[in-house]
Each structure stands twice: as C-alpha cells, then as structure tokens.
Amino acid sequence: MSLQARPTIADGQLFIDGKFRPAEHGETREVVNPATEEVICRVAWGTVADLDQAVSAAQAAFESEEWGGLTLPQRGRLLLRIADAIDAHAEELALLESLNVGKPITVASAFDLPFASSVFRYYGGMVEQLEGSARPAARRSIAITRKEPYGVVGAITPFNFPLNLAINKIAAALAAGNTIVHKPAEQTPLSTLRLAEIMVEAGLPAGVYNVVTGEGATVGARLAEHPGVRKLAFTGSTATGKRLIATAAQTMKKVTAELGGKGANIVFADANLDAVTQWAHLAAFANTGQFCMSGSRLLVQRDIHDEMVERMVARAAATAVGDPLDPRTEMGPLAHRTQLERVMEYVAIGKAEGATVVTGGAPAGDGRGFFYQPTIFTGVTPQMRIAQEEIFGPVLTVIPFEDEDEAVAIANGTPYGLAAGLHTTDLSRAHQVSARLQAGIVWVNAWAMFENSIPIGGYKQSGFGRELGPEGIDEYLQLKTVVINAE
Ligand code: NAD
C-alpha cells in the first residue's frame, strides 16, 4: 500500500474558497495512525479568523450565479457527478479512512465508501423533485409555498465515521441549495479534506464546501456562534451538543443534533441464537465499538442468559484484532489514544462496581497502537455506570431480564434514545416491544442495517432532527409562503 507512505493530502492546509491554504498563523498539528502511532501528516490548526473567512467564502458562493443560479436539474446532475467521482476515488478514500481511523480496510471499502457515494446519488436524484404547493386563498387569491435553502450551513462531525457522517450532511445540504463550512474532528480530518478537492474537480464551484480543521472549542464554537451561519448540523457527544445548542440559540440557528447512545439489544428466549450471536457481536464491536448506534447493552432473557454469554464470549475471543490494512482483520484499534484511555478507565470502573469481565479487559497486540480486546462484562445491573454511560469502545455489558416489561424498562432506563434492537421469532411481540422502545431506530432480528432512504436520529438526549431519507433534506430547507392577492 504505497499511499500509506504518501498520503494524498496537501500537508498542513485548510480548504477555503476552492483552494488549499495554510492556517492564518501557519500552525499545524500531527495526524496519527492509531494502528502504528506513526505520524501520517500534519493538518492546519485553523483559527477563528480562518473560520470567518470560510463563512465569507460560503456566503459569496451562496449568492453566486455559479451555485445559486443553477437550475434544479443542473444541481442534481452535479451531485450525481460527485457520486461518480467518489466511486472513482473509492480505493484512495477507503485507504485514508483506514489509516486515519484504524478501521479495517475491508469495512471501509465494502461499507463506508459505497454508502458515501450512494447518499450523493440518492439526494442528487431528489433535487429535481423539490417542489412547493399552491393553495386557494380568500377571494380567488392563491398562496404558494416554496422550500428554500438556509444559506450557509455549519457542519461539525466526530472522529468515528469521518466521511459518512460528513456526507450525510453535505449531500442533503447541497441538494437543498445551501453552502457549507465544515469542521471535522481534530483526530480524523483527512478523508473530508480530500473529498473537498474531489468535489471541486467534479465541478462544485469554489466556496460551496469549505473545510476548516482545528479545535472544537475555538473554530467549532465560532461556527455555532457566527451570525452568518443559519443552520448547524452537529454529530458528536451529548455534552458537546448541549453546549453548541446553547450557543446556536443566541442567533436562533436551526440545529440538528445527532448525539450519543447506549443502545439496548434485547434477546428473547425464543430467538434464533446462532443469528443473534452474529448480530449482537456486530452491534457491540463494529468500528471497535466507536459507534453511536452500538448495541452496547445486551439484555438477555434469564432462561438463556448463560448460553448467550457463552456464545458471545466464544465469538469475541475469535475476533481477529490487528492491522487494519490486513484483509483478515475484523477489528482495528481505537481511533486515538484518549479513546483507549477512556475505555481502560471504564473497564476499571466496571470492575470496581462489582461487574465481572468474562473475556477481554486489556489492551491487545504488542503495545504499539491503540488496540484493545473485545470485552464483555456480566453481573451488570442497569444502574451501574458501565450500563448507563457511553463508553465508545469495544465493551459489552450483559444484563438479564425476566419478561417484556422488565426488558422495556431497562432498555428505556438511560438518558439516551438513539438505537435499540430486539430478537424474537414472535411477530406480535416484535411489533409490541418495538413500539414501546424509546429510540430513533429499532432493529428487529438485525442490527446496523442502514439505507440511504432510512432516516436516523435520536429520541431523548440522543438529539433531534433526522439524517438520510426524504426527512434528511427537509432539515436543510425552510418554508416560505407567498400569498398573491387576486383582487
Ligand atoms: P465530541 O463531542 O467530543 O466532538 C465532536 C465534534 O465537536 C468534533 O469535531 C469536536 O472538535 C467538536 N467540538 C468539541 N467541542 C466543541 C465546542 N465546544 N464547540 C464546538 N465544537 C466542538 O465527540 P467525539 O468524541 O468526536 O465523538 C464521539 C461522540 O459522537 C459519541 O458521543 C458518539 O455517540 C457521538 N456520535 C453520534 C452519532 C449520531 O449519529 N447520533 C454518530 C457518531 C458519533
């Protein structure tokens, strides 16, 4: 893999107004490969002044003929060209994602990249169908509704799915006609910097999509505060989300907030346990557990608790943990050192709370890279911190339950409400229990089945607003009513 030595990113540069350039003071920070701890390259450490320039560029692009003057078919075709360009660069983008995040190259190639281009294609196809309505008003007058873009959208994304979480926002925002200033996560900015360049090569006018790398507390906070930004699309932790919503309220920005989760995956005794084992393993350990929608709590009906634990332990112990570029690898490292330390801290908390580690519970590998073993806790009670707080690592807590009522009470008993799942062969139970679960998505006899047409988002403190599906584009459109007096 020659790109490992020569990443395709212009070292130490921001992307503003269609061009790479250094940050205002020329400051840069290292980007680290979490599998080797080697420096991949440096990125620009943007300032508030850089952010303000990016917003100015996005405002100018919004008002330009090159972007604002496009017809709907032209805009739709441009999004389809971007989808094709992503496919044409899929191998390179998958490699960047794997090097920067530590996710297995097989997963980045088979899931992240095809999904990324499919979202552009989905929203590209939707552009021509954007329409308003005409309604009769008094005295033969008429009221027309128009859906209009907000203008400049601020996007802030976390480290775990850098490309996909950005594209869920970018494709919908562009389809609606907005322009964007994006602040990616400090640790994993590489794929979106390269995407910016690819989009301009595909014909996106300068200034429509800008990337300002840097710190959340400075450039991210400025994006939430900037009066020229009319809509904020945030994905990240609930704690940061609360701060950003408060800041954005000062200028009455429309906000979508995709926040943390502590997904409950409920297994009833009548389920097909072979299938459950595969789904529950994926739910807990996909993306090394750095997955907002992970099924990090496995709720198991008491009759099958011991058998289910045995199966999960065997599957976890068989996980191929290692080099993300090795096609045999199932699970890579945590994406950065702080995340590894957080996992180690939570495992210590779980032990101190009296839970038992039945597999894992220690770093993996030879000490190089941020690897951790897939870890399972039993003897967990619903109120323990490891059952309430988002660990965001490969740590599964198993909690027994007696009946449906208890399962639902435990599942709903956290401040979060992002994703949930249940496994049963009883159709009426599937309907009834899924209706009672407080979560933005519920998977039945599955986990993590995503489509570009299926909306995702949170209940409770997992946030509000939806990404993907037709609902996703509505988040980037505001409604204007024009009343025409016929008299
Ligand atoms: P984080 O909240 O620490 O950071 C997310 C982004 O916010 C980063 O770009 C960061 O720089 C920025 N940021 C941090 N402080 C800021 C501030 N004061 N002002 C403005 N921006 C600021 O989250 P993380 O550790 O990168 O990601 C993990 C979290 O993201 C988890 O809680 C996870 O559940 C959540 N997440 C949610 C979804 C979803 O769809 N709901 C998807 C992925 C991740």
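Right above here is the structure, for reference.
The rules we used
- Residues numbered from 1 in each chain as written.
- Predicted model: local features only at pLDDT ≥ 70, side-chain atom pairs only at ≥ 80, totals over all residues.
- Heavy atoms only, no water.
- Pairing = 2+ DSSP bridges.
- Helix = DSSP H or I, 4+ residues; strand = E, 2+ residues; numbered from the N terminus.
- Axes fitted to C-alpha atoms, helices over the stretch in contact; angles between N-to-C directions.
- Core = buried A, V, L, I, M, F, W, Y, C linked by side-chain atoms within 4.5 Å.
- Buried < 20%, exposed > 50% of the residue type's maximum accessible area, 1.4 Å probe, protein only.
- Domains from an automatic or database assignment.
- Salt bridge = Lys/Arg side-chain N within 4 Å of Asp/Glu carboxyl O.

Novice: Explanation requested: the sheet that holds strand 20 (residues 477–484) in the structure shown.
Specialist: Pairing between the strands of a sheet is mediated by backbone hydrogen bonds and can be parallel or antiparallel. An order of 5-6-20 is seen for the three strands of this open sheet, with the pairing classed as antiparallel. At either end of the open sheet lies a strand with only one pairing partner, and these are strand 5 (133–137) and strand 20. Averaged over all pairs of adjacent strands, the angle between strand axes in this sheet comes to 25°, irrespective of strand direction.

Novice: Is there a simple way to explain the nonpolar core in this structure?
Specialist: Within soluble globular proteins, side chains that are nonpolar generally end up buried alongside one another. The biggest cluster of nonpolar side chains holds 75 residues, and the ones touching the most others in it are F120, Y123 and M293. Among the elements that make up this core, the one with the highest residue count is helix 5 (residues 105–127) (11 residues). Counting contributing residues, this core receives three or more from each of domain 1 (14–259 + 462–482) and domain 2 (264–451). Among the nonpolar cores identified, the runner-up in size contains 32 residues, and L299, F370, V380 and L422 belong to it.

Novice: In this structure, what is going on with unusual backbone geometry? I would like to understand it.
Specialist: As a rule of thumb, non-glycine residues mostly have phi less than zero, and peptide bonds are mostly trans rather than cis. Phi at E37 takes a positive value of approximately 65°, unusual for a residue other than glycine. Note that E37 resides in the loop between strand 3 (28–32) and strand 4 (39–44). Phi at T288 takes a positive value of approximately 55°, unusual for a residue other than glycine. Take T288: it is sitting in the loop between helix 10 (273–285) and strand 13 (297–301).

Novice: Sorry if this is basic, but what is going on with the pattern of salt bridges here?
Specialist: If the charged atoms of two oppositely charged side chains come close together, the side chains can form a pair. The final tally for this structure, using the stated rule, is 28 salt bridges. Between E404 and R429 there is a salt bridge, with its nearest N and O atoms 2.9 Å apart. Separated by 25 residues along the polypeptide, E404 in helix 14 (residues 404–411) and R429 in helix 15 (residues 427–436) bring together distant segments of the chain. Residue classification places R429 among the buried positions, given a relative accessible area of 17%. Salt bridges linked by common partners bring D52, R222 and E225 together as one network.

Interpretation in functional terms is not warranted from these geometric data alone.
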